[in-house]
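These are the residues of each chain, in order.
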Amino acid sequence: MTTEQKQDEAWMAIALDEAARAAAAGEVPVGAVLVEKGEMLVSAHNAPIMENDPTAHAEILALRRASQFKNNYRLPGTTLYVTIEPCTMCVGAIVHARVNRLVFGAPEPRAGAVISQQRLLDVPSYNHQVEYVGGVLAEECGRLLQDFFRSKR
């Protein structure tokens, strides 16, 4: 395992902790961590129910918080770790924020916009290209979601 892969797993473990917080609050368990130069800028988890906001996905909240912290809506040089493949809305925000790299855990077969349903980060016409890696701690990320939805049935 390379150093980068070890770092990716370590950051994803923190995103999984955020996802667990979401589950404990009754939210779909998705967590995100935004990293710059090996330092965590922010972490977040899904909160659309708590915030009465359909856009309060973990990725969006992390990008909002980091933009406020950095006093800049652009976040170049950052890596976003998220426990599940982002949806269309979140991919758009990632591109607009100029995130350099996206690392996600489990694929999202119904609404994933990176590899599952759409390949939006592969669109060559965007004015910013985002590198991406999927499948980091995918089993753990997927299990958290499965357990959450199983408990709701």
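Look above for the structure.
Here's the deal with the overall build of the chain
A count of helices and strands for the chain gives 5 helices and 5 strands. Secondary structure of the chain in N-to-C order comes out as α-β-β-α-α-β-α-β-β-α. What you see for the chain is a C-alpha radius of gyration of 14 Å, in line with the 15 Å of a compact globule of 153 residues. When its C-alpha atoms are laid out on the principal axes, the chain stretches across 45 × 35 × 30 Å. Taking all 153 residues of the chain together, the buried fraction comes to 46%. For the chain, restricting intrachain contacts to residue pairs at least 6 apart in sequence, the fraction spanning at least 24 positions comes to 55%. Accessible surface, the chain: about 7,900 Å² in total, of which carbon and sulfur atoms supply 51%. Looking at the chain, you have 15 positive and 18 negative side-chain charges, and the mean spots of the two groups are 3 Å apart.

Here we look at the layout of surface pockets
Reported here for the largest pocket is a volume of approximately 600 Å³. Contributing to the lining of the largest pocket are 22 residues, with Val28, Ile84, Glu108, Leu145 and Phe149 lying nearest its centre. Sorting elements by how many residues they give to the lining of the largest pocket places helix H5 (residues 138-152) first, with 4 residues. Looking at side-chain class alone, the lining of the largest pocket contains 12 nonpolar, 5 polar and 5 charged residues.

Procedures and definitions
Residues numbered from 1 in each chain as written. Predicted model: local features only at pLDDT ≥ 70, side-chain atom pairs only at ≥ 80, totals over all residues. Heavy atoms only, no water. Helix = DSSP H or I, 4+ residues; strand = E, 2+ residues; numbered from the N terminus. Rg over C-alpha atoms; globule rule 2.2 N^0.38 Å. Buried < 20%, exposed > 50% of the residue type's maximum accessible area, 1.4 Å probe, protein only. Contact = heavy atoms within 4.5 Å. Areas by Shrake-Rupley, 256 points an atom, 1.4 Å probe, with all protein chains shown as cover. Lys, Arg positive; Asp, Glu negative; His and termini not counted. Charge placed at Lys NZ, Arg CZ, Asp CG, Glu CD. 1 Å grid on protein atoms, 1.4 Å probe; cavity = no way out; pocket = protein on both sides within 12 Å on 5 of 7 lines; lining within 4 Å. Points joined across faces, edges and corners; volume = space filled by probe spheres on them. Nonpolar A, V, L, I, M, F, W, Y, C, P; charged D, E, K, R; others polar.

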